[in-house]
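# Per-entry structural report
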Amino acid sequence: MTMKYVVEKDGKYDLMTVEPSYGNNYKKGFIGFCYYPSSFFSKAIAKVTKYCNYSGISISHVLIVTGENTCIEADAESRKVIESPLTKYFDNEKRIISFRKPRNLSEQAAEEIAQLAQSKIGCGYEYAQIVGHLGKSLPGIKQFNKITHNFFVDIISCLIDNKDKFICSELAAYSLKHAQSWEYRNKGILSRMTTRVNPQELFEDRTIFSDWTVSKIPSENISSGIEIAAKQ
């Protein structure tokens, strides 16, 4: 079983391959970020969200860790929010997964984040929001949104939003934003509407997640050294 760990050196980011260790490099309340280099759908999402990729690491899917081998995710293939085993990511070499720890995450906040995600199991997948994110990525529309301070895009997001449907990043943002005991619930990207958050933006946020490390990984946990980050 393997996962990736993001390390920073001289302003550049790499993915280091490590063995999953529950309670150490991932645990309940952590957010998982995935990319499938061989998937057309995954590569398409990475291309559409390239404008907000500052790390050079491509992300196309998000999940919420609820246990040692469980997570909650809004799954496009299943067309709904489901509970999945994490081994489907750890044991699949075609799927890259890494985790980010919500900053100052307490056990109570982690439990709240997990329960909020679990409460949405069975909800549908929000395909309309995918279309909305595609539209918002167009150069002319991006500039217009910047000039209007996202006024119209917020209105459109509200109009097409279905409270009983989610995309993956929206579900993770919802769970983080509604964890009442977590002090960062309305900061960073979570100050925005959760319907407007895409996977890459959530991964890149430097306010709500603990910083990436430079050299804090014990050498005995490294299985294959530094690997170059997956590019678009």
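Please refer to the structure placed before this passage.
Let us look at the structure shown here.

Conventions adopted
Residues numbered from 1 in each chain as written. Predicted model: local features only at pLDDT ≥ 70, side-chain atom pairs only at ≥ 80, totals over all residues. Heavy atoms only, no water. Buried < 20%, exposed > 50% of the residue type's maximum accessible area, 1.4 Å probe, protein only. Helix = DSSP H or I, 4+ residues; strand = E, 2+ residues; numbered from the N terminus. Pairing = 2+ DSSP bridges. Phe/Tyr/Trp six-rings, centres within 6.5 Å; stacked < 30°, edge-to-face > 60°. Lys NZ or Arg CZ within 6 Å of the ring centre and 35° of its normal. Core = buried A, V, L, I, M, F, W, Y, C linked by side-chain atoms within 4.5 Å. Contact = heavy atoms within 4.5 Å.

## Some points on helix H7 (residues 168–177)
With 10 of 10 residues buried, H7 is to be regarded as a mostly interior element. Among all positions in H7, only Cys168, Ser169, Glu170, Leu171, Ala172, Ala173, Tyr174, Ser175, Leu176 and Lys177 are buried.

## Considerations on the pairing of strand S1 (residues 3–9)
Within a regular strand, the side chains alternate between the two sheet faces. Of all 7 residues in S1, 5 are buried; the element is thus mostly enclosed. By the bridge criterion, 7 bridges tie S1 to strand S2 (residues 12–18) in an arrangement that is antiparallel. Looking at the pairing, Val6 lines up with Leu15 of S2.

## Observations concerning unusual backbone geometry
Even without being glycine, Arg79 reaches a positive phi, approximately 65 degrees. Tracing the sequence through the fold places Arg79 in the loop between strand S5 (70–75) and strand S6 (80–84). The phi dihedral of Asn104 is positive, around 55 degrees, even though this residue is not glycine. Relative to the assigned elements, Asn104 resides in the loop between strand S7 (96–100) and helix H3 (107–118).

## Some remarks on the packing of aromatic side chains
Aromatic ring pairs are reported here in terms of the distance separating the ring centres and the angle at which the planes meet. Going through the model one piece at a time under the given rule, you end up with 10 aromatic pairs. Where Tyr22 meets Tyr26, the ring centres are 5.3 Å apart and the plane angle is 70 degrees; that geometry is what we call edge-to-face. Accessibility expressed as a relative area gives 35% for Tyr22, which makes it partly exposed. A relative accessible area of 3% places Tyr26 in the buried class. Grouping aromatic residues by their ring pairs yields a cluster made of Tyr13, Phe33, Phe203, Phe209 and Trp212. If you follow Arg95 out to its NZ or CZ, it ends over the ring of Tyr36, 4.9 Å from the centre.

## Some details on the nonpolar core
Phe99 and Leu202 are the most contacted members of the largest nonpolar core, which totals 56 residues. Tallying contributions element by element places H7 first for this core, with 6 residues. Leave out the neighbours within four places in its chain, and Phe99 touches Met3, Lys4, Asn25, Tyr26, Phe30, Ile31, Gly32, Leu63, Val65, Leu86 and Phe90.

## Quick word on the pairing of S7
Most of S7 is tucked away: 5 of the 5 residues are buried. Residues Ile96, Ser98 and Arg100 point to one face of S7 and Ile97 and Phe99 to the other, with burial holding for every one of them.

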